[in-house]
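# Fold and geometry: a report
Spelled out, the chains give:
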Amino acid sequence: MKIALAQINTRVGDIEGNYAKIADFAARAEKSGADLVVFPELALNGFPPMDLVEKKAFVRAGLAKLPEIAALSRNIAVACGCVDENPHGRPARNSVVVCDGGRIVA
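Just so you know, these numbers come straight off a predicted model, no measurement behind them.

Omega for the bond connecting Phe-47 with Pro-48 falls within 30 degrees of zero, at -5 degrees, which places this linkage in the cis form. By secondary structure assignment, the location of Pro-48 is in the loop between strand S2 (36–38) and helix H2 (56–71). Not every positive phi belongs to a glycine, and Leu-42 is a case in point at roughly 55 degrees. Mapped onto the fold, Leu-42 is located in the loop between S2 and H2. Residue class for Leu-42 comes out buried when judged on its relative accessible area of 5%. Despite not being glycine, Met-50 shows a phi value in the positive range, around 50 degrees. You can see Met-50 is positioned in the loop between S2 and H2.

Here you go:
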């Protein structure tokens, strides 16, 4: 198994820009023959998000991008750090989404 580690420079709150970097690197990793591409902690939302994680609109904007990240995984598995809603306690949690075959698998 060939794994690509995506060292990308994200911007806090720039979900569209961060997604563009994720899509670009995933395409390059796929082209290089990788089976899996792994992105950093909070790659989609940017790090460190600080008090933005307490804003539901910020969390939901990132979650709304997950189907597009899943679409990137048609030919390469993708593991990407993101902010997720937290059903217990604090409003958000640090998570990772794993996509394969064009869908979210974990």
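One pass over the full model with this rule turns up one aromatic pair. Of note, Lys-65 hangs over the ring of Tyr-19, and the distance from its end group to the ring centre comes to 4.6 Å.

Let's shift gears to the environment of Ala-70. By the element assignment, Ala-70 lies in helix H2. What makes Ala-70 buried here is its relative accessible area of 3%. On a C-alpha basis, the gap between Ala-70 and Gly-102 in space is 5.0 Å, while along the polypeptide they are 32 residues apart. Not counting chain neighbours up to four residues away, the residues in contact with Ala-70 comprise Cys-99, Gly-102, Arg-103 and Ile-104.

A few words on the pattern of salt bridges. Taken as a whole and assessed by the stated rule, the structure comprises five salt bridges. With a closest N to O distance of 3.0 Å, Lys-65 and Glu-68 form a salt bridge. Placement of the pair is Lys-65 and Glu-68 together in helix H2, with a separation of three residues, close to one helical turn.

Cut-offs applied
- Residues numbered from 1 in each chain as written.
- Predicted model: local features only at pLDDT ≥ 70, side-chain atom pairs only at ≥ 80, totals over all residues.
- Heavy atoms only, no water.
- Helix = DSSP H or I, 4+ residues; strand = E, 2+ residues; numbered from the N terminus.
- Buried < 20%, exposed > 50% of the residue type's maximum accessible area, 1.4 Å probe, protein only.
- Phe/Tyr/Trp six-rings, centres within 6.5 Å; stacked < 30°, edge-to-face > 60°.
- Lys NZ or Arg CZ within 6 Å of the ring centre and 35° of its normal.
- Contact = heavy atoms within 4.5 Å.
- Salt bridge = Lys/Arg side-chain N within 4 Å of Asp/Glu carboxyl O.

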